[in-house]
Amino acid sequence: MASEKGVTPRSEDYSRWYTDVVQMARLADYAPVRGCMIILPYGYELWEAVRSGLDRRFKETGHQNAYFPLFIPESFLKKEAEHVEGFSPELAVVTIGGGKELEEPLIVRPTSETIIGWAYAKWIQSYRDLPVLINQWANVVRWEMRTRLFLRTMEFLWQEGHTAHATYEEAEEETRRILDLYADFAVNDAAIPVIKGRKSNQEKFAGALHSYAIEAMMGDKRALQAGTSHNLGQNFAKAFNIQYLDVNNELQYCWTTSWGVSTRMIGAIVMVHGDDKGLRLPPRMAPIQVVIVPIYRQDAEIEPVMETVRRLQAILKDAGIRVHVDDRDDQTPGFKFNDWEMRGVPVRLEVGPRDVQQGTVALARRDVPGKAGKQFVPQAGLVETIRALLEDIQANMLRQATEFRDSNLFEVAGDYGRFGEIVESGGWALTWFCGDRACEEKIKEDHQLVSRCFPLDQPHPGEHGPCIVCGEQATAMAYFARAY
RNA sequence: CGGGGCGUAGCGCAGUUUGGUUAGCGCGCACGGUUUGGGACCGUGAGGUCCCCGGUUCAAAUCCGGGCGCCCCGACCA
C-alpha cells in the first residue's frame, strides 16, 4: 500500500491508485488464495446498495429470485458447443468428493445457463407456463489468469437473470428491457454515464445469438463493460430441450435470455468517481451519506457538543439519511476529515462549540475539494439542506463523469491513421465497422484492442459508411477503445 | 502463460553489493499525560521462524541451488 498518509495520487499511477483506494478505504482485502478477495463490510455495504437498486428494478419488471446449485454436472457444459468452447479454459472442476473419485466431475459454476436450462426443460410444458422470469444472486468462479480486486477475481458475486419466452420478439424485448434497466441503475443510482450497445459477434457471450452491454469510461479513459444482457435465441433451448406446446398444440423451442451485473460494478464506481484523495461515492450508493465529526477543545465542551451531535444524528436518521457519528476519542478532527474523504463519504458535518452557541453546523461536500466545498449553515432546516446537498452532489458527480467521457469520444470515418491516433491516445473512436472477424482481428493486431459495442443510439441512423478497416459499406458505427 | 519487480514486526521500508556483536527506522498498536475547527506531541512498552527447503562456512537476512507466494505490465476474460 502507498505512503503512510493517503493513497498514491491518481494522476501519478492509476492502477496503483486503484489498488490503494480499494484497500485503504477498506472495501476489500486480499485473500490467501490467488485471485480471490475478501469483501470487507464497507465494500459489502456498497454491494448491498447495488443489489437493492437492481433487485427493486427486477421485481418491478416482474422477475422473481430463486437459487440454483453451485455444482454443475460436467456433461451439462458440453451440451452447447460455443458455450463449452468459451468457458472450458476457465473452469474449476471438482473430481473428488468425500475422499472418492467422482463418477462425473462437477463444474463449479462459471455461469448457470446450463443447469437452469435443465430445470426449465422440466418446468415448461405449455405456452401458459411462459414467460419464466427468474433471477439469482450468487457467486461464480472463473479461473482467471490475471486478476484485480473487484474488476476481475476468480470468484465473484453477481446476479444472473434467466428467462424463457415463447417468441424471438419477446426474448429480444426482455433482453433490451434489462439493458435499459441496467443503464437506468448505472446512471441514476451510481452516477455512471453508460453507452448502451450491441457487442460484435466476436465479443458476444459464448452461446448467445447476440449480446448487449453497457459500457462505461473509467478515470483513465479505459472502457469497462459494466453489465451485459444476452439474447440466447434457441441455442440453449435446443441443447436442453426447453420446449412448450403452443396454442395450436405444436411443439416449439423456447427463446431464452440471460443477463448479469457483478461486483465489478463496484470497481466501476471507484474508477469513475475517485480522485487523488481517494474514493468519492455517489450519495445514492454511499453506505454513509453524512458523517458527523464532533469537535471540542476541553472536557467541558464535550457534553454540549455531543448533545447537539446526538440530536442532529437522530433528526437525520429519522429523515432516512444514512448518518454516522465518528466519536473516536483517539483521533483528531483533522485525521477524521482526511479519513472520511478517502473513504468517499459525500457529506461531512462538523459540530464544534461555536456551532452549539450559534445554532449552526459546518457542512463540507466531498465533490468540491477544500474550503470551497465548506459552508456554515443553520441547524434549523438541516434535513432539507442536506437532502438538497446530496441531490446536488449526485447530479454533479454524474455531470462531471459525463463531461469527462464526452470529451474523450471521437467520431472518425474512413481514416485508419486518424483512428489509430485516437485509440492510441486513450480516446474512444466511434467509426463505421462492418463487424467482420478479419477486420476486428486487424485492429487487434495493430492496436491491441477490440470493439466495445455498436451503440444503440447511432449518430447517423439509416446511413452507411466505409468500414474503418476493409472500406466495405457498413451499416453501423462501433466504439473502439482500450478496455479492462 | 510470457516480461519486470518484490518477499525482513500489523503496514511501509533500510540493511544483502563486500557474510561477523543483541537485525534497525518511520507509521501503527498498548499504557500514562498534554492535545483536538485540516493528517497532534512527549514519555514508557509490546511486537521478528529475515517467504520455505537444502547447501557452503567457525559464522548466513546477506553467498549458492531449488521451490513457493504476491504485485505491476502484456496475451485471454463479467
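Fair warning: this is a prediction, and the values are worked out from it, not measured in the lab. (Residues numbered from 1 in each chain as written. Chains lettered and ligands numbered in written order. Predicted model: local features only at pLDDT ≥ 70, side-chain atom pairs only at ≥ 80, totals over all residues. Heavy atoms only, no water.)

### Details of the overall build of chain A
When helices and strands are counted, chain A shows 14 helices and 25 strands. Against the 2.2 N^0.38 benchmark of 23 Å for 484 residues, chain A shows a C-alpha radius of gyration of 25 Å, consistent with a compact globule. Summarising its shape, the C-alpha atoms of chain A cover approximately 80 × 60 × 45 Å along the three principal directions. Per-residue burial for chain A yields a buried fraction of 54% across its 484 residues. In chain A, the share of contacts with a sequence separation of at least 24, taken over all contacts with a separation of at least 6, comes to 68%. Summed over all atoms, the accessible surface of chain A reaches about 21,500 Å², with 49% contributed by carbon and sulfur. (Helix = DSSP H or I, 4+ residues; strand = E, 2+ residues; numbered from the N terminus. Rg over C-alpha atoms; globule rule 2.2 N^0.38 Å. Buried < 20%, exposed > 50% of the residue type's maximum accessible area, 1.4 Å probe, protein only. Contact = heavy atoms within 4.5 Å. Areas by Shrake-Rupley, 256 points an atom, 1.4 Å probe, with all protein chains shown as cover.)

### A few points about the protein's contact with RNA strand B
Neighbouring residues of RNA strand B: 43 residues in total, closest Arg146, Arg152, Thr153, Asp355 and Lys444. For RNA strand B, the fraction of protein-proximal atoms (within 4 Å) that sit in sugar or phosphate groups is 44%. The backbone of Tyr296 places a nitrogen or oxygen atom 2.9 Å from a sugar or linking oxygen of RNA strand B. For RNA strand B, a base nitrogen lies 3.2 Å from a polar atom in the side chain of Glu350. A breakdown of the residues in the surface near RNA strand B according to their chemical character gives 13 nonpolar, eleven polar and 19 charged. (Near = heavy atom within 4 Å. Polar contact = N/O pair within 3.5 Å; in protein donor to acceptor, adjacent residues only side chain to side chain. Nonpolar A, V, L, I, M, F, W, Y, C, P; charged D, E, K, R; others polar.)

### Here we look at the packing of aromatic side chains
Tallying each qualifying case throughout the model produces 16 aromatic pairs. Ring geometry for Phe76 against Phe240: centres 5.9 Å apart, planes inclined by 65°, an arrangement best described as edge-to-face. Residue Phe76 is located in helix H3 (residues 74-77), and its partner Phe240 is located in helix H7 (residues 235-240); the two are separated by 164 residues in the primary sequence. Seen from their ring centres, Tyr416 and Phe419 are 5.7 Å apart, and the 10° between their planes marks the pair as stacked. One end of the pair, Tyr416, and the other, Phe419, are both in helix H13 (residues 416-424), three residues apart, so they sit about a helical turn from each other. A relative accessible area of 24% places Tyr416 in the partly exposed class. (Phe/Tyr/Trp six-rings, centres within 6.5 Å; stacked < 30°, edge-to-face > 60°.)

### Structural notes on helix H2 (residues 41-60)
Between its first and last C-alpha, H2 extends 28 Å over 20 residues, near the 28 Å set by a 1.5 Å rise per residue. Among all positions of H2, only Tyr42, Gly43, Leu46, Trp47, Ala49, Val50, Gly53, Leu54, Asp55, Arg57 and Phe58 are buried. At the exit of H2 stands Gly62, carrying a positive phi of roughly 85°. (Expected span 1.5 Å × (residues − 1).)

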